[in-house]
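Below are the chains, spelled out letter by letter.
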Protein chains: 2
Amino acid sequence: MSAPALGEAAKPGPKLDFWFDFASTYSYLSALRIDKLAADAGVEIVWRPFLLGPIFKAQGWDTSPFNLYPAKGRYMIRDISRIAEARGHVFHMPSTFPAASLKAARLALACPDQSVRARFSKAVFEAEFGSGADIASADVLAAAARSAGLDFPLLSDRSASDEIKAALRLETETAQKLELFGAPTFLTRRGEIFWGDDRLESAILWARAELSNYSP
Amino acid sequence: MSAPALGEAAKPGPKLDFWFDFASTYSYLSALRIDKLAADAGVEIVWRPFLLGPIFKAQGWDTSPFNLYPAKGRYMIRDISRIAEARGHVFHMPSTFPAASLKAARLALACPDQSVRARFSKAVFEAEFGSGADIASADVLAAAARSAGLDFPLLSDRSASDEIKAALRLETETAQKLELFGAPTFLTRRGEIFWGDDRLESAILWARAELSNYSP
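A. View of the packing of helix α6 (residues 102-110) of chain B against helix α7 (residues 114-130) of chain B. Residues and elements named next belong to chain B. Between α6 and α7, the shortest axis-to-axis distance is 8 Å and the interhelical angle comes to 160 degrees. Between α6 and α7, the angle is such that the two are roughly antiparallel. Both α6 and α7 take part in a crossing whose hand is right-handed. Mapping the contact onto sequence places Ala 104, Leu 107, Ala 108 and Leu 109 in α6 and Arg 117, Phe 120, Ser 121 and Val 124 in α7.

Encoded structure:
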């Protein structure tokens, strides 16, 4: 512990990156609770949508491991149902799984700031796993955008721009370079990786401890 | 809730099956803490060693997923190291991973009762992941048996019997029929499955609630 330096008050607070894919069932569980948990701990969350598809492909999978390994898939549904119920949420598997999450990810990246992105992302997750809707559908995404107070045609136009397309490709490449292999994944500023909704509390504590134990 | 019936005092208490493979890193974490957690909750633990190898083979894997997917393997080591440290334990990956766990599993099944089996199993896990020893070695297993207060030559003879060999095959087949796909897995009397050391607390609570909510 060093003594407070001049300008200490302006030091940025702890941050945690929340890497998620809109098709990921366990990301739904985290999306519903991460902002509250992080705010209570004084940690800022950066919502980072990416695509797991290319990462799964690189390890030889052409779909979700929950489809490739049906026993694991059946367990996942039971596991999430129990957890969601204990937290007062509902969980419905959408009829198409995994959903094509490209459009939703681009829309989330096109949101003007983190707070809007968080609101929109939660609305998408709730439509998908709270109501079982198919988030590949423009109607479903439009309703999610509206419920988050967004102008969907405007957001949709921006999400189709080369800038946003490139941004999503870059995020997915970054996830690959970071060796992320699933979602949700939480990444601290010093590179500590936590995988899975069940590691969220630990990740938040780590992000906070990291900052207070480290003097650059 | 029904009123206490005659003979209620003799009703068996809640039980939870602890399915584990001696080569499983996350099973080590559970082995070190399950007896204390369960005793505090009034739940009886049944230690059930089995072999994950045949289950992995059936889904096309010829080794541990942590070897097949190296990024996941590197993450697992970091994840367990953090958790072990927070719980006051050490964690060393053995140089051979996954260990050939057949002999250890047979020895555990050959133990005269659950309490001895638990003691022996913990000693094996501690040699393997606390000290990085190779549990395929008879010397390592003999030392574990001695530290658990067991006569190793006697236990070793019994473990090589047809009865014990058949018992381990049957346990592994039972695990397959139950659709277990990893370890540790906790199974309640009414068939609720919990996978992973991070589900241990939930499994214990469920086993207890199940019994008190269910009148046969």
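Structure shown, so let's carry the discussion forward.
B. Region of the structure containing the confidence of the model for chain A. Overall, the predicted model of chain A reaches an average pLDDT of 93, with 93% of residues at or above 70. Here the predicted complex carries an ipTM of 0.91, next to a pTM of 0.92.

C. Main features of the packing of aromatic side chains. Following the criterion strictly, the structure yields 38 aromatic pairs over all chains and no others. A centroid spacing of 5.1 Å and a plane angle of 90 degrees characterise the contact between Phe 20 of chain A and Phe 22 of chain A, whose relative ring orientation is edge-to-face. The exposure classification of Phe 20 of chain A matches that of Phe 22 of chain A, with both residues buried. Ring geometry for Tyr 26 of chain B versus Phe 66 of chain B: centroids 6.4 Å apart, planes at 50 degrees, classification tilted. Of the two residues, Tyr 26 of chain B sits in helix α1 (residues 25-31) while Phe 66 of chain B sits in helix α4 (residues 65-68), which places them 40 residues apart along the sequence. The exposure class assigned to Tyr 26 of chain B is buried, which follows from its relative accessible area of 15%. An aromatic cluster of three or more residues is present, and its members are Phe 18, Phe 20, Phe 22, Tyr 28, Trp 47, Phe 91, Phe 125, Phe 129 and Phe 186 of chain A.

D. Local environment of the relation of the copies chain A and chain B. Expressed as a screw operation, the relation of chain A to chain B combines 0.0 Å of axial shift with a rotation of 180 degrees, fitting to an RMSD of 0.0 Å. Those values place the two copies in the arrangement expected of a two-fold rotation axis. It is Asp 198 of chain A whose C-alpha, among those of chain A, lies nearest the rotation axis, at 3.6 Å. Looking at chain A, 100% of its interface residues are interface residues in chain B too, so the copies touch through the same face.

E. Region of the structure containing the pattern of salt bridges. Across all of its chains, the model carries 34 salt bridges over all chains by this definition. Residue Glu 179 of chain A is joined to Arg 74 of chain B by a salt bridge in which the shortest nitrogen-to-oxygen separation is 2.6 Å. Here Glu 179 of chain A is found in the loop between α10 (162-177) and β3 (185-188), whereas its partner Arg 74 of chain B is found in helix α5 (residues 70-86) on a different chain. The class of Glu 179 of chain A is partly exposed, set by a relative accessible area of 33%.

F. Region of interest: the pairing of strand β3 (residues 185-188) of chain B. Residues and elements named next belong to chain B. Along β3, one buried face is formed by Thr 185 and Leu 187 and the opposite face, lined by Phe 186 and Thr 188, is buried too. Here strand β1 (residues 15-20) runs beside β3; their pairing, made up of four bridges, is antiparallel. Bridge pairing in β3 links Leu 16 to Thr 188. Relative to strand β4 (residues 193-195), β3 is paired through three bridges, and the arrangement is antiparallel. For Leu 187, the partnering residue across the bridge sits in β4 and is Ile 193.

G. Molecular detail of the sheet that holds β1 of chain B. All names here are of chain B. Overall, mixed pairing links the four strands, which are arranged β2-β1-β3-β4 in an open sheet. Here the strands that pair on one side only, and so sit at the sheet edges, are β2 (44-49) and β4. Strand-to-strand, the axes of this sheet are offset by a mean angle of 20 degrees, without reference to chain direction. In the packing of helix α2 (residues 34-41) onto the sheet, the strands contacted are β1, β2 and β3, and the crossing angle to β2 comes to about 150 degrees.

H. Layout of the interface of chain A and chain B. Contacts between the two partners involve 21 residues from chain A and, on the opposite side, 21 residues from chain B. Among the salt bridges present, the one from Glu 192 of chain A reaches Arg 82 of chain B, with a minimum N-O distance of 3.0 Å. Of all the elements in the fold, those that place two or more residues in the side of chain A that touches chain B are α5 (70-86) and β4 (193-195) of chain A. Among the residues forming the side of chain A that touches chain B, the class breakdown is eleven nonpolar, one polar and nine charged.

I. Representation of α7 of chain B in the model. Residue and element names in this part refer to chain B. Under the 1.5 Å per step criterion, the end-to-end length of α7 is 22 Å for 17 residues, consistent within 8% with the ideal 24 Å. Judged by how many residues are buried, α7 sits mostly within the fold: twelve of 17 residues are covered. Val 116, Arg 117, Ala 118, Phe 120, Ser 121, Ala 123, Val 124, Phe 125, Ala 127, Glu 128, Phe 129 and Gly 130 are the residues of α7 that are buried. Capping of α7 at its N-terminal end is provided by Asp 113; its side-chain oxygen lies 3.0 Å from the backbone amide nitrogen of Ser 115. The first or second residue beyond α7 is Gly 132, which carries a positive phi of 75 degrees.

Criteria and thresholds
Residue numbers here run from 1 along each chain, matching the order of that chain's written sequence. The naming scheme follows written order: chains are lettered A onward, ligands numbered 1 onward. The predicted origin of the model limits local features to residues at a pLDDT of at least 70 and limits the giving and counting of side-chain atom pairs to 80 or more, whereas totals for whole chains, interfaces and linings rest on all residues. Each side-chain value is derived from all of the structure's non-hydrogen atoms; neither hydrogens nor water enter the calculation. In this description, a line fitted to the C-alpha atoms serves as the axis of each element, helices being fitted only across the stretch in contact, and the angle between N-to-C directions of two axes falls anywhere from 0 to 180 degrees. Helix and strand definitions follow DSSP, with helices as H or I runs of at least four residues and strands as E runs of at least two, each counted in order from the N terminus. Convention used here: angles under 35 degrees read as roughly parallel, angles over 145 as roughly antiparallel, angles from 65 to 115 as roughly perpendicular, and any remaining angle as oblique. A crossing counts as left-handed when the near helix is turned anticlockwise from the far one by less than a right angle, and as right-handed when that turn is clockwise. By definition in these notes, contact holds between two residues if any of their heavy atoms fall within 4.5 Å. Per-residue confidence from the prediction method is given by pLDDT, with values spanning 0 to 100. Aromatic rings from Phe, Tyr and Trp, with only the six-membered ring used for Trp, were paired whenever their centres fell within 6.5 Å, and each pair was classed as stacked if the ring planes differed by under 30 degrees, edge-to-face if by over 60, and tilted otherwise. Exposure categories follow from relative accessible area, calculated using a 1.4 Å probe and restricted to protein chains: below 20% of the type maximum is buried, above 50% is exposed, and the middle band is partly exposed. The fit set for superposing copies consists of C-alpha atoms from residues with pLDDT of at least 70 in both; the fit itself is least squares. A pair is scored as a salt bridge if a Lys or Arg side-chain nitrogen falls within 4 Å of a carboxyl oxygen belonging to Asp or Glu. In this description, strands pair whenever DSSP reports at least two bridges between them. Under this grouping Gly is polar, as are all residues other than the nonpolar Ala, Val, Leu, Ile, Met, Phe, Trp, Tyr, Cys and Pro and the charged Asp, Glu, Lys and Arg. To estimate how far a helix should reach, multiply one less than its number of residues by 1.5 Å. Two N or O atoms form a polar contact when they lie within 3.5 Å of each other; inside protein one atom must be a possible hydrogen donor and the other a possible acceptor, and for residues adjacent in sequence the pair counts only when both atoms belong to side chains.

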